Each structure stands twice: as structure tokens, then as C-alpha cells.
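Spelled out, the chains give:
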Amino acid sequence: MSLSIVRTVADLRTQVYAWRKAGLRTALVPTMGALHEGHLTLVRRGRDLADRVIATVFVNPTQFGPNEDFSRYPRDEAGDAAKLASAGCDLLFAPTVDVMYPAGFATSIDVGPVTTRWEGAFRPGHFQGVATVVTKLLLQAGADVACFGEKDYQQLCTIRQLVRDLDIPVQIEGVPTVREGDGLALSSRNAYLSPEQRQVAGQLNRVMRGVIDRLHAGETVDAALSAGTQALLDAGFTAVDYLALVDALTLEPLTAPGAGRLICTARLGGVRLLDNMAV
Ligand code: PAF
């Protein structure tokens, strides 16, 4: 089947209702476009879990801060549509800002403590923007399952929490991060890296693995995280916004080694690179 494109909520719902009437399960893959293999892996996972896959491409203005990259965020709808078709996506929902936020739009969703630390502290308002647009997309599409990458781990926890709290009838599927050969997590923002920065970027994954090895070897959390932070700076990162061992659900810091998630954001000039790993 070829990829159809719809731009209004009414057209999206007409298609989803027709599929549901025919007894077909649907999967939703929300994206901001500039698609790479990580997104296509989400589409393929959607195909495993459902009969039809809907991708959304919407660069959501409300999740960008005033000094962030909203206006220069890469946009290539034709290229994205071709990639989605080749990955087996059935429908692309590509609304305009006016469709998503018509005049008079006033609601903002605050998911609470899971959003306040880490990315939430560095990007005030970001998770309210994400939570609001994801809630809208989930309700607009009414899909059975929605796929999100583990790469944006705090976003995934936020979405799981809001779906639970608001009783949205959808299964949230977290999909493991897709990486380059040197371990760099795929991200649309990797395109901003200079060739020199790209060399350094691959060290993030290596250093994080080193931190996990130290924890497994019995080092204290503080010592392992300090060594990791220094190793990132030595490798050429310009700043480490945070490197933390956290509870995998609440994202509260863990002070003793235990099952959790190692999360990190490190900067190369103006580019912030995020990664996380199970511990
Ligand atoms: O992860 C993203 O691409 C975005 O944050 C999302 C989930 C599509 C919401 O705009």
C-alpha cells in the first residue's frame, strides 16, 4: 500500500475509523520529521505490533525555548514521506501549526515531578510542550499503540505517566536507541555537528559504558559519575549538563548502585547530545 498524506484531524480520524471498522489495529509514530533510521525503526516496530502504521510529522513550536532551534530545525516533508513509504508506513499526518494550535488554544499539560529535573531544568517549558502535543496526537489518532524512542528517555517516562494519569487508551511502546558504528545515538540534531565535533560525539557512549563498568566493579555512585564527567571533558565535550544514575521510572537520583538508568546530556559547542543506558 502506498503512503497517503492527511493534514486535518477530521481526515485522520476518517481513515483510522475505517481501519478500526475493518478490524485492523493501528500504531502511531509521532515525529518532528528530519527522519533517520531511528524513526524508521519505530515505524517497523509499529508494523510488528499493528496492521496499519500512522506517522506524524509536526515540528511542535511549544516544546522549543525562545533561544532554541525551532526556526532552523531541519524540514523535508518530501524526503520524510519517501522514507516512511519505504519503511512500510501507511499514513502520514502532517498538520500545520494552525491545525494543532488554532486561535484561542489555551491548554497546557504539566505532568509533574518526572519532568522537573534533568532536561526539564535545562529546558523550562519543554515537557509541557511535549506533553500537550503528544496528548493531542494520541487523542486525534486514537491508535491502539504508540511507539517512542528510548533515546529521549525522560520524554518516554513523561508520556507513560500522562497516559496512565489521563486514562488514555493506548499502549506506549518504548523502542531501543539506534546507534552509529561508534555508538553515537541517532538524532536529527547530529546534523548540526562539525566533522571535528562528530569525532568527539562518539565518546559519549564509550564514557557512559565506562561509568557502568565502574559501578559494576563496586565504585561509589559519586566516584563513578565524577570520573565520567571528567572523562567527557577530557574527550573534548565543552560542558556536561548532567550525568546521573536515576530510578528508571521516577528519574529520582540513586545514591547507591542499583538497577536504574544512567542518563547524560553533554555539549559540543551549541549542540546538546543526550544519551541513556540501562544499568
Ligand atoms: O521526540 C520527538 O520527536 C518529539 O518530542 C515528539 C514526541 C514528536 C513530540 O513533538
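The protein has the name Pantothenate synthetase in an unreviewed UniProt entry, where Niveispirillum lacus is given as its organism. Taken directly from UniProt, the Subcellular location (unreviewed entry) text for the protein runs: "Cytoplasm".

## Describing the site of the ligand
The full set of residues close to the ligand is P30, T31, M32, N60, Q63, V133, V134 and Q155. Separating an oxygen atom of the ligand from a side-chain N or O atom of Q63 is a distance of 2.6 Å. In the environment of the ligand, an oxygen atom lies 2.7 Å from a nitrogen or oxygen atom belonging to the side chain of Q155. Bound to the protein, the ligand loses 89% of the 290 Å² it would expose on its own. Taken together, the elements giving at least two residues each to the shell around the ligand come down to strand 2 (26-31) and helix 6 (126-141). Of the residues belonging to the shell around the ligand, the class tally is four nonpolar, four polar and no charged.

## Overview of the sheet that holds strand 6 (residues 171-175)
The six strands are arranged 1-4-3-2-5-6 in an open sheet whose pairing can be described as parallel. This sheet does not close on itself; its edge strands, each paired only once, are strand 1 (4-6) and strand 6. In this sheet, adjacent strand axes meet at a mean angle of 25 degrees when their direction is disregarded. In this sheet, strand 6 lies alongside strand 5 (residues 145-149) in parallel orientation, the contact comprising five bridges. Its bridge partner lying in strand 6, G149 is registered against V175. Sheet strands in contact with helix 2 (residues 37-49) are strand 2, strand 3 (52-57), strand 5 and strand 6, and its direction is about 150 degrees off that of strand 5.

## Focus on the packing of aromatic side chains
According to the stated counting rule, one finds six aromatic pairs in the structure shown. With a centroid separation of 5.0 Å and 80 degrees between ring planes, the pair formed by Y101 and F105 is classed as edge-to-face. For Y101, a relative accessible area of 12% gives the class buried. Residue classification places F105 among the partly exposed positions, given a relative accessible area of 32%. By the ring-pair criterion, three or more aromatic residues cluster together here, those being F58, Y101 and F105. Its guanidinium or amino end placed over the ring of Y192, R72 lies 4.2 Å from that ring's centre, counting from NZ or CZ.

## Let's talk about the nonpolar core
L12, L28, L138, V163 and I172 are the most contacted members of the largest nonpolar core, which has 40 residues in total. When contributions to this core are tallied by element, the ones reaching two or more residues are helix 1 (9-21), strand 4 (91-93), helix 6, strand 5, helix 7 (153-165) and strand 7 (239-246). With seven residues, the top contributor of residues to this core is helix 6. Residues in contact with V163, not counting those within four places in the same chain, are L138, I168, V170 and I172. Core analysis: the second largest hydrophobic core is formed by 24 residues, V211, V221, A266 and L273 among them.

## So, the layout of surface pockets
In this structure, the second largest pocket occupies an estimated 200 Å³ of space. Considering the residues around the second largest pocket, the lining is formed by 17 residues, among which V57, F58, V59, R75 and E77 are closest to the centre. Of the residues in the lining of the second largest pocket, the class split is 10 nonpolar, two polar and five charged.

## A look at the UniProt feature "binding site: beta-alanine" (unreviewed entry) in the protein
Per the UniProt record, the feature "binding site: beta-alanine" (unreviewed entry) sits at Q63. Along the chain, Q63 falls in the loop between strand 3 and helix 3 (77-86). With near-sequence residues (within four places) excluded, Q63 lies in contact with M32, E68, R123, H126, G129, V130 and V133.

Basis of the calculations
- Residues numbered from 1 in each chain as written.
- Predicted model: local features only at pLDDT ≥ 70, side-chain atom pairs only at ≥ 80, totals over all residues.
- Heavy atoms only, no water.
- UniProt positions renumbered as here; feature names shortened; annotations may be inferred.
- Near = heavy atom within 4 Å.
- Polar contact = N/O pair within 3.5 Å; in protein donor to acceptor, adjacent residues only side chain to side chain.
- Areas by Shrake-Rupley, 256 points an atom, 1.4 Å probe, with all protein chains shown as cover.
- Helix = DSSP H or I, 4+ residues; strand = E, 2+ residues; numbered from the N terminus.
- Nonpolar A, V, L, I, M, F, W, Y, C, P; charged D, E, K, R; others polar.
- Pairing = 2+ DSSP bridges.
- Axes fitted to C-alpha atoms, helices over the stretch in contact; angles between N-to-C directions.
- Contact = heavy atoms within 4.5 Å.
- Phe/Tyr/Trp six-rings, centres within 6.5 Å; stacked < 30°, edge-to-face > 60°.
- Buried < 20%, exposed > 50% of the residue type's maximum accessible area, 1.4 Å probe, protein only.
- Lys NZ or Arg CZ within 6 Å of the ring centre and 35° of its normal.
- Core = buried A, V, L, I, M, F, W, Y, C linked by side-chain atoms within 4.5 Å.
- 1 Å grid on protein atoms, 1.4 Å probe; cavity = no way out; pocket = protein on both sides within 12 Å on 5 of 7 lines; lining within 4 Å.
- Points joined across faces, edges and corners; volume = space filled by probe spheres on them.

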